[in-house]
Every structure is written in C-alpha cells, then in structure tokens.
Amino acid sequence: MKIINIKMRIALLLLLTLLNCSKEETGSPSKPDTALATPFASNASNITDNSFTANWVLVPKAESYLIDVSTSNSFSTFVTGYSGLEQSATTVEVTGLSSGITYFYRVRAKQGTEITNNSNVITVTTTGVQAEDPTYLKDKANTLANPFFVGVAVKANQLTEGSSYDVVLKNEFSSITAEYEMKMNPISTGSGSYSWEAVDKIVNYGNNNGINVHGHALVWHNAVPDWLSNFSGTDAEFALEIKKYITDVVTRYAGKIKSWDVVNEAVDDNGNMRNTIFLQKMGSNYIKDCYQWARDAANAAGDTNLLLFYNDYATSTNIPKQNKVFTIVDDLMTSNLIDGVGFQMHNTYLSPTKEQIETDINRAVVLGLKIHVSELDIQVNQNNDITYLTEERSLAQKEKYKEIVNIYNALPEANKYALTVWGFKDNESWIPYSTDLNHPGNDWPLLYNNKFELKKAHTGFLEGLD
C-alpha cells in the first residue's frame, strides 16, 4: 500500500514538473486584446426643423462615446455643446438647430484614457426652410473698402412705382442694364426714325433714383431691324446708317447712360470674327469704326466720361474665342477707344472653374481695363437631369455665386465697375426659353424664386462679399 502511495506521489510530482516546464517554455498566457474598434455612424433619425437623433453601432468594451456636430464637413467649427459630447448610449438627440440647414456628425469610442479615431461622417439636413440672409446686396457692397455697382437686368414694364420689382431693385441694386430694350431693333424703326419710350423709361428710372445705367448694346448681330437687314443701298450707305444710329443714341443719352456695350458678341465659337451683316457690309474694321463713332458722339455732347465696353460670352472656357476677343481689345486700346470688357458669365454650377475665370478676367486687368461681370446667372440643370431645384443643386449654386463674387471682389479698385445679375426671378430668366439650350422651362439660375423669395444663391452672393 505504501509502495502504491509513493508511486502516486512521484507521478503527481512529475506531472507538476511537466506543467511548470510548459509554462517556462511558452511564457505566461497573453492578456485579452483590449483595443477598441472605431465606431460606425449610421443615418440620423427623427429629423425635425430643429433637431435630429444621431445614431451609431455599439462598440464592444466601449465605456462611452464622444460625438461632434458641425455645419462644416471639415469640422472646422462645432455646433455649441456638441464638440466631444460624451454619451454612454449609442444614440443622442441633437437639439437647438436651425431649420433647413445641413449638419454633419461623427463619433469616437472611449474606454478609460483610450479614444478611437473618428467614425465615418453622416450628413443630415433639418426640415423646414432656412431663412436666408436678408442683407441687401448693394448695402453690403457699399461697405467694402473698394465698392462697386451691383446690377440687375430689367424690362421697362417692371419699373412701376411700388411694384415688387421696384421695391427689390431700389433695396438691392445700384445699377441697371436693359435686358433687350436698348438694342437696335426695338429702337430703330427706320433711317433716322426711333422709338424711345421704353429706353426713356429705363433711363429716367435710373437717373431719378440714383441708380447707375449701363447701355446694352449698340451693335449686336441678333438685334438688326428688318429695314437694315433688307437694306438695298450701297455698303457705304449702310455704314453711314450705323454711324447715324450710334451717334443719335449716344447723343440722346449723353450724361444719363454712364457706359455702353458698343459691340456685343463679335466673335464666333470657333475663335473667328462672326460673319454678321456688319462684317459683310462694313468690312473687318467695322468694330473700330463703331467705337470711334461712339467716342466722337460722346465727346461732341460733352460726355467725356462715358465708358465704352466690349461684351462677349464663354471666353473663360473657349480659349480660341478668348484669344480673338483680346486681339480685338488690343486693337481698340491702340486708339484709346475702349475702357472695359464685359464678361457675360452665363455659367453652370460646375463650369467654368475658378482658375479659368481668374485667368480670363486677369487678361483685362493687366491691360488696366474696367471689368464688368455683365450677365451673371448660374444654371443648375444644364443636363436636364432634375425636375425641381434640389437641396444639393441649390447649395452648389450658392457656392458658385459665392466663388464668382469673391473673384470679382478681389480685383484691384481701378478695375472694378459692376457685377450684374441677368434678371430677377427664375421663371423670368432667358435660360429656360432659349432655343440654344436643351432644357426649356427647367432651370433656376437667379437669386430669387418664382415667388420673389430669397434663394441660397442670394446668400452665396453676400458671402462672396466677405
């Protein structure tokens, strides 16, 4: 019996020895992994005008979570009270927000002193309509160190005392351009015969209310009256008719219209001189002739301060066209016949780029010329892929307005003249009804909606003045 007990003790000792040897060879067992996983944020819920619920997925071993909420996807600033707000649950109600605003949130997990990286970012827009900044455009522009005119295109029938147009115009704008009624075919009814009523109304409205008046345009191939299109006289006689027209118009409004687009869109989209009736009948020097007649008429009338502009479109993206325009400008400058360049800026929310616009405008800046962003609007449906103005497109349009105004605002004082928006309300823009564009009735390119309510684009314009 003793022998058996001794053998059992020996076996037990051997077993213990083997276990100890195994521990010495393999080391102590590893501690369990305590590293926290980065949280995964999920979509917001319970969205209202001034709150939403932020959600995220449970992280094993996390003791709490830190949530950030911002109006910027870069989280450069935070909503008050929501910078690293600590929560033990996997949801939090975010309150005290504004309606119609886009917010961003992200989450980190925490255990003791260990804090994970940020989660993915979730975007959420509160319901309701954001109240846009009601500051008047011209008021903010006039506070700048180097102010400039803020303009709008008008029609004579909009300028009725007390109308919505009248109220908005007087509050917001310091310059006006006739959208169509100062072009040749509404004015010229025959040789030396004119219809002045609409132009007089526009000019008198501006002058009586302290609003700058820009003339648009003396010569344009799409505004030739029938009697000139069918002119049966000689080419020399045709040129004399154009000279008489320019002289009579400039003389009548000397001192009342402060600037004129003398020639409009003389370059085609291939970068060549546009084959217009003026080129055909008056020859390649017709542009310089028109500017000379305008300058002579102004000087004869004692209006030595009249500014003469050349105006065209799509020069920021069409380099052959841009080059040809500046060839014309250079030629006019040699005879002191031009004071500025009008850049129409019928742009889209995607194009041109900031760099393209700056490159184009700076070609006129280095020549010492005035810059007129003359016909600004921004399409958001150029591909006809939306049926209403979405939040995404509205914000993109806002940023593009802000970008263009910011570019203009940064120009040297000597080069600034005016920045003119081409119309009031979306439903009255030329864009939805243009035969050159492929989305009739479906675009929203201006600062006000159909009800004359401020859009995000208006706020973008204001922010560009900051």
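Treat the numbers as computed from the prediction; the structure is a model and nothing was measured. (Residues numbered from 1 in each chain as written. Predicted model: local features only at pLDDT ≥ 70, side-chain atom pairs only at ≥ 80, totals over all residues. Heavy atoms only, no water.)

**Overview of the overall build of the chain**
Here is step 1: Helix and strand content of the chain: 13 helices and 19 strands.
Here is step 2: Computed over the C-alpha atoms, the radius of gyration of the chain is 34 Å, more than 25% above the 23 Å expected from 2.2 N^0.38 for a compact globule of 466 residues.
Here is step 3: Structurally, the chain occupies a C-alpha span of about 145 × 45 × 40 Å along its principal axes.
Here is step 4: Buried residues in the chain amount to 49% of all 466 residues.
Here is step 5: Of all intrachain contacts in the chain linking residues separated by at least 6 positions in sequence, the fraction that spans at least 24 positions is 74%.
Here is step 6: Within the structure as shown, the chain displays about 21,800 Å² of accessible surface, and the carbon and sulfur contribution to it stands at 50%.
Here is step 7: With 38 positive and 53 negative side-chain charges, the chain shows a separation of 8 Å between the mean positions of the two kinds. (Helix = DSSP H or I, 4+ residues; strand = E, 2+ residues; numbered from the N terminus. Rg over C-alpha atoms; globule rule 2.2 N^0.38 Å. Buried < 20%, exposed > 50% of the residue type's maximum accessible area, 1.4 Å probe, protein only. Contact = heavy atoms within 4.5 Å. Areas by Shrake-Rupley, 256 points an atom, 1.4 Å probe, with all protein chains shown as cover. Lys, Arg positive; Asp, Glu negative; His and termini not counted. Charge placed at Lys NZ, Arg CZ, Asp CG, Glu CD.)

**A word on the pattern of salt bridges**
Pairing of side chains with opposite charge becomes possible as their charged atoms draw close.
Here is step 1: A complete count under the given rule lists 23 salt bridges for this structure.
Here is step 2: A salt bridge links Lys354 to Glu358, with the nearest nitrogen and oxygen atoms 2.8 Å apart. Separated by four residues within a single helix, Lys354 and Glu358 lie in helix α11 (residues 354-365), roughly one turn from each other.
Here is step 3: Salt-bridge contacts for Glu391 lead to Lys456; the nearest nitrogen and oxygen are separated by 3.6 Å. Residue Glu391 is located in helix α12 (residues 391-409), and its partner Lys456 is located in helix α13 (residues 456-464); the two are separated by 65 residues in the primary sequence. (Salt bridge = Lys/Arg side-chain N within 4 Å of Asp/Glu carboxyl O.)

**So, the layout of surface pockets**
Here is step 1: Approximately 860 Å³ is the volume found for the largest pocket.
Here is step 2: Lining of the largest pocket is provided by 35 residues; of these, Glu265, Tyr313, Gln344, His346 and Trp430 occupy positions nearest its centre.
Here is step 3: Mapped onto the lining of the largest pocket, the elements with two or more residues apiece are β13 (212-220), β17 (346-348) and β18 (370-379).
Here is step 4: For the lining of the largest pocket, the element with the most residues is β17, which contributes three residues. (1 Å grid on protein atoms, 1.4 Å probe; cavity = no way out; pocket = protein on both sides within 12 Å on 5 of 7 lines; lining within 4 Å. Points joined across faces, edges and corners; volume = space filled by probe spheres on them.)

**So, unusual backbone geometry**
Here is step 1: With omega at -10 degrees, the peptide bond leading from His216 into Ala217 counts as cis.
Here is step 2: Of the consecutive residues Ser351 and Pro352, the connecting peptide bond is found in the cis state with omega at 0 degrees.
Here is step 3: Secondary-structure assignment places Pro352 in the loop between β17 and α11.
Here is step 4: Not every positive phi belongs to a glycine, and Lys61 is a case in point at roughly 75 degrees.
Here is step 5: Mapped onto the elements, Lys61 comes out in the loop between β2 (52-56) and β3 (64-70).
Here is step 6: Taking relative accessible area as the criterion, Lys61 reaches 49% and is therefore assigned partly exposed.
Here is step 7: Even without being glycine, Asn336 reaches a positive phi, approximately 55 degrees.
Here is step 8: By the element assignment, Asn336 lies in the loop between α10 (319-334) and β16 (340-343).

**Considerations on α12**
Here is step 1: In this model, α12 (19 residues) spans 27 Å end to end at C-alpha, consistent with the 27 Å of a helix rising 1.5 Å per residue.
Here is step 2: The secondary structure elements touched by the buried residues of α12 are β17, α11, β18, β19 (416-421) and α13. (Expected span 1.5 Å × (residues − 1).)

**Quick look at the sheet that holds β2**
Hydrogen bonding along the main chain pairs the strands of a sheet, whether they run parallel or antiparallel.
Here is step 1: Read from one edge of the open sheet, three strands run β1-β2-β5, paired in antiparallel fashion. Two strands close off the open sheet at either side, each with one partner strand: β1 (41-45) and β5 (91-94). Neighbour to neighbour, the strand axes of the sheet diverge by 20 degrees on average, direction disregarded.
Here is step 2: As paired strands, β1 and β2 are joined by three bridges and run antiparallel to one another. Residue pairing across strands places Ala41 opposite Trp56, the latter belonging to β2. (Pairing = 2+ DSSP bridges. Axes fitted to C-alpha atoms, helices over the stretch in contact; angles between N-to-C directions.)

**Focus on the packing of aromatic side chains**
Here is step 1: Within the structure shown, the criterion is met by 18 aromatic pairs.
Here is step 2: Taking the centre distance of 6.1 Å and the plane angle of 90 degrees together, the rings of Phe173 and Phe424 count as edge-to-face. You can see Phe173 sitting in the loop between α3 (164-172) and β10 (175-178) and its partner Phe424 sitting in the loop between β19 and α13, a full 251 residues away along the chain.
Here is step 3: Of the residues examined, Phe424 reaches a relative accessible area of 2% and is grouped as buried.
Here is step 4: One aromatic cluster is present, formed by Tyr165, Phe173, Phe424, Tyr448 and Phe452 through successive ring pairs. (Phe/Tyr/Trp six-rings, centres within 6.5 Å; stacked < 30°, edge-to-face > 60°.)

**Concerning a nonpolar patch on the surface**
Here is step 1: Taken together, the side chains of Phe40, Val57 and Leu58 make up a nonpolar region of the molecular surface, amounting to roughly 320 Å² of accessible area.
Here is step 2: Checked against the element boundaries, Leu58 lands in the loop between β2 and β3.
Here is step 3: For Leu58, a relative accessible area of 61% translates into the label exposed. (Patch = residues over 30% accessible without salt bridge, like charges linked within 9 Å, V, L, I, M, F, W, Y side chains within 5 Å.)

**What to know about the pairing of strand β9 (residues 149-154)**
Here is step 1: A large share of β9 lies buried, amounting to five of its six residues.
Here is step 2: Inspection of the sheet shows β9 paired to β10 by four bridges, in the parallel sense. Bridging from a neighbouring strand, Val154 pairs with Ala178 of β10.

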